[in-house]
Amino acid sequence: MGAIEDVYEDLETDVEFEEFAAAVEDKVEQMGGLADEETAAMLIAHELRDEEADTIADIEPGMNDVKFLGKVTSIGDVRTFDRDGEDDEGRVCNVDVADASGSVRVALWDEMATAAEEELEVGQVLRVMGRPKEGYSGLEVSADKVEPDEDAEVDVQVLDTYRVEDLSLGASDVDLVGQVLDTDSVRTFDRDDGSEGRVANLTVGDETGRVRVTLWDEKADLAEAFEAGEVVEVGDGYVRERDGDLELHVGDRGTVDRVDEDVEYVPETTDIADLEIGQTVDIAGGVIETDPVRTFDRDDGSEGQVRNVRIKDGTGEIRVALWGDKADRDIDLADRVVFTDVEIQDGWQDDLEASANWRSTVSVLDGAGDGAGGGRATDGSTAGAADATNATAADTGLDAFGDSAGPADSAGTADSTGTADGAEAVTDGDGTVTAPADAGPADDVEFTGTVVQTGDPVVLDDGERTKSVETDASLRLGEEVTVRGPERDGTIHAEDVF
């Protein structure tokens with residue numbers, strides 16, 4: 001046995017020996033006598049091994065013929081097309097195949113497309129050889145050869161209907177019913193070919209968990225067609241991974257439709273008292289403070305926005321920073337809100353803060369949160385829902401958010417009607433609580449905090465409370481000041497600033 005035969009015997013490949021030997025002769029000729037047959041054979045073998053894909057995740061655009069194993073997860077319709085300069089009609093069928101590492105679309109042409117239509121079934125395992133390239137919807141492989149492998153096993157589930165816990169990387173042709181938890185606005189981006197792409201997200205959940213749904217191009221507008229709480233069915237989705245989390249993607253074949261079904265989603269929240277810096281968690285509580293939206297300039301010159309709210313559960317309180325589009329969410333005092341995938345960070349004056357970013361969801365629940373009845377917005381408005389303290393988290397399967405607002409204590413805090421100690425509340429004929437009959441003159445208060453908003457009004461934060469301040473003094477963001485003056489309607493009218 002010669003040197004070429006020895007190298008070929010050690011090589012696990014579908015390439016025939018005659019083709020391998022011809023490639024070796026071409027390599028010797030290309031190198032102009034700098035390599036003998038054995039060296040050239042080893043070079044050809046190395047090239048072939050480089051293109052053996054251990055998993056689908058190893059496949060990259062620009063590789064030559066790759067070979068890999070995958071389970072069929074969906075089979076598209078056979079389409080016909082006209083070839084340039086030819087009378088014969090072309091045929092193509094797109095098939096999605098997957099392994100434990102991911103999935104890829106395989107284009108089958110002409111006779112292979114016909115055979116797929118007649119013989120191929122979802123769940124079959126295929127050995128594929130073809131050329132990978134970047135397609136319109138991501139990586140795809142143009143197949144040169146496809147063979148079923150009845151003995152091989154690929155660990156990928158193929159279900160008729162999925163739950164969130166059933167999703168796995170590489171799954172495609174996924175149908176899933178879930179409750180809409182949050183939606184985002186449509187964003188645009190530039191593709192490598194110069195065209196403009198569009199993308200939007202919504203988050204859905206069921207009794208087994210939640211998943212972020214990514215909508216591409218013409219499907220992106222669907223994100224703005226639904227509201228939190230509605231139940232939708234995602235059809236023909238495919239599972240991808242981003243930053244370690246699975247996502248359900250909807251492309252040109254996919255659908256998202258409103259359906260009349262009952263789906264319960266109950267988040268597993270962490271008590272505020274148990275939070276630690278560096279965690280990414282789900283939290284829930286009643287809103288006891290709200291701030292206005294603030295804008296700022298990013299380093300790249302674009303404008304960003306943020307809004308802070310403070311929530312309370314039965315174990316404590318925490319400020320939540322809502323970034324980007326989430327700052328526009330309609331959140332009011334006494335609302336019960338669930339925040340998912342928030343990052344716990346070090347906030348003002350060593351107080352913990354939860355950051356709700358692009359991956360977080362914000363869900364306002366029906367009814368008001370316990371402990372939110374005495375809340376105050378920094379614009380001076382107060383929570384006026386008379387039944388705010390009567391709602392319980394048990395209505396939605398959540399743990400209790402916090403203690404109900406009760407009678408005022410001796411320190412002069414507001415009671416459940418929002419009136420001050422000693423002031424008799426006046427009620428209209430319908431029972432609506434209005435201003436006290438004789439509130440008396442406002443007392444001077446003193447408050448020390450960090451300037452978190454300049455302008456009119458100035459907003460100070462001491463790590464536990466946020467106060468609006470009317471002042472003519474010129475203050476800078478981040479400056480710590482003390483103000484003194486009467487407080488009216490939640491705003492301190494500062495007579496002294498020091």
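Please refer to the structure higher up on the page.
Read on for an overview of the structure.

Here is what the cut-offs are and how they apply
Residues numbered from 1 in each chain as written. Predicted model: local features only at pLDDT ≥ 70, side-chain atom pairs only at ≥ 80, totals over all residues. Heavy atoms only, no water. Phe/Tyr/Trp six-rings, centres within 6.5 Å; stacked < 30°, edge-to-face > 60°. Buried < 20%, exposed > 50% of the residue type's maximum accessible area, 1.4 Å probe, protein only. Helix = DSSP H or I, 4+ residues; strand = E, 2+ residues; numbered from the N terminus. Patch = residues over 30% accessible without salt bridge, like charges linked within 9 Å, V, L, I, M, F, W, Y side chains within 5 Å. Areas by Shrake-Rupley, 256 points an atom, 1.4 Å probe, with all protein chains shown as cover. Salt bridge = Lys/Arg side-chain N within 4 Å of Asp/Glu carboxyl O. Lys, Arg positive; Asp, Glu negative; His and termini not counted. Charge placed at Lys NZ, Arg CZ, Asp CG, Glu CD. Polar contact = N/O pair within 3.5 Å; in protein donor to acceptor, adjacent residues only side chain to side chain. Core = buried A, V, L, I, M, F, W, Y, C linked by side-chain atoms within 4.5 Å. Contact = heavy atoms within 4.5 Å. Pairing = 2+ DSSP bridges.

**Concerning the packing of aromatic side chains**
Phase 1 of the analysis: What the rule picks out here adds up to five aromatic pairs.
Phase 2 of the analysis: Aromatic side chains Tyr-8 and Phe-17 sit 5.2 Å apart centroid to centroid with 75 degrees between the ring planes, which places their arrangement in the edge-to-face category.
Phase 3 of the analysis: Tyr-8 gets classed as buried once you look at its relative accessible area, which sits at 17%.
Phase 4 of the analysis: For the pair Phe-189 and Trp-216, a centre-to-centre distance of 6.0 Å together with 85 degrees between the ring planes defines the contact as edge-to-face. Here Trp-216 lies in strand E10 (residues 209–216) and Phe-189 lies in strand E8 (residues 187–190), a separation of 27 residues in the sequence.

**Regarding a negative patch on the surface**
Phase 1 of the analysis: A contiguous patch of negative charge on the surface is contributed by Glu-5, Asp-6, Glu-9, Asp-10, Glu-25, Asp-26, Glu-29, Asp-36, Glu-37 and Glu-38.
Phase 2 of the analysis: Of all elements in the fold, only helix H1 (3–9), helix H2 (17–30) and helix H3 (37–50) reach the threshold of two or more residues within the negative patch.
Phase 3 of the analysis: Relative accessible area serves as the criterion here: at 31%, Glu-5 is assigned to the partly exposed category.

**Let's talk about the side chain of Asp-335**
Phase 1 of the analysis: Topologically, Asp-335 is positioned in strand E18 (residues 335–346).
Phase 2 of the analysis: Of the side chains with opposite charge, Arg-307 lies nearest to the buried Asp-335, which makes no salt bridge, at 7.7 Å.
Phase 3 of the analysis: Within polar-contact distance, the side chain of Asp-335 engages the backbone nitrogen of Asp-332 at 2.7 Å.

**Some words on the environment of Asp-456**
Phase 1 of the analysis: Relative to the assigned elements, Asp-456 resides in the loop between strand E24 (444–453) and strand E25 (458–461).
Phase 2 of the analysis: For the pair Asp-456 and Glu-470, spaced 14 residues apart in sequence, the C-alpha to C-alpha distance is 6.8 Å.

**Some points on the nonpolar core**
Phase 1 of the analysis: If you look at the biggest cluster of nonpolar residues, it comprises 22 residues, and the most contacted ones within it are Val-174, Leu-176, Val-204, Val-213 and Leu-248.
Phase 2 of the analysis: Listing elements by their share of this core, those giving two or more residues are strand E7 (174–183), strand E9 (196–206), E10, strand E11 (231–242) and strand E12 (245–250).
Phase 3 of the analysis: Excluding anything up to four places from it in sequence, Val-213 contacts Ala-200, Asn-201, Leu-202, Val-204, Val-234, Leu-248 and Val-250.

**A few points about the pattern of salt bridges**
Phase 1 of the analysis: Summed over all chains, the structure comprises 25 salt bridges.
Phase 2 of the analysis: In this structure, Glu-230 engages Arg-258 in a salt bridge whose closest nitrogen and oxygen atoms are separated by 2.6 Å. Residue Glu-230 is found in the loop between E10 and E11, and its partner Arg-258 is found in strand E13 (residues 255–258); the two are separated by 28 residues along the sequence.
Phase 3 of the analysis: Residue Arg-258 is classed as partly exposed on the basis of its relative accessible area of 47%.
Phase 4 of the analysis: The partner of Arg-310 in a salt bridge is Glu-317, and the shortest N-O contact between them spans 3.8 Å.
Phase 5 of the analysis: Residue Arg-310 is classed as buried on the basis of its relative accessible area, which comes to 2%.
Phase 6 of the analysis: One network of salt bridges, with partners in common, ties together Asp-96, Arg-105 and Arg-253.

**Quick notes on unusual backbone geometry**
Across the chain, the bulk of peptide bonds are trans and the bulk of non-glycine residues have phi less than zero.
Phase 1 of the analysis: Phi is positive for Asp-217, close to 55 degrees, though the residue is something other than glycine.
Phase 2 of the analysis: With respect to the helices and strands, Asp-217 occurs in the loop between E10 and E11.
Phase 3 of the analysis: For Asp-217, a relative accessible area of 12% gives the class buried.
Phase 4 of the analysis: Despite not being glycine, Asp-243 shows a phi value in the positive range, around 50 degrees.
Phase 5 of the analysis: Look at Asp-243 and you get exposed, because its relative accessible area is 57%.

**Side note on the pairing of strand E19 (residues 352–356)**
Phase 1 of the analysis: Most of E19 is tucked away: four of the five residues are buried.
Phase 2 of the analysis: Both strand E17 (residues 317–323) and E19 contribute to a ladder of four bridges, which runs parallel. The partner of Ala-321 across the bridge, within E19, is Ser-355.
Phase 3 of the analysis: The pairing of E18 with E19 spans four bridges and is classified as antiparallel. Along E19, the bridge assignment pairs Gln-345 with Glu-353.
Phase 4 of the analysis: Hairpin remark: E18 followed by E19, antiparallel, with five residues in the connecting loop; positive phi at Gln-349, about 50 degrees.

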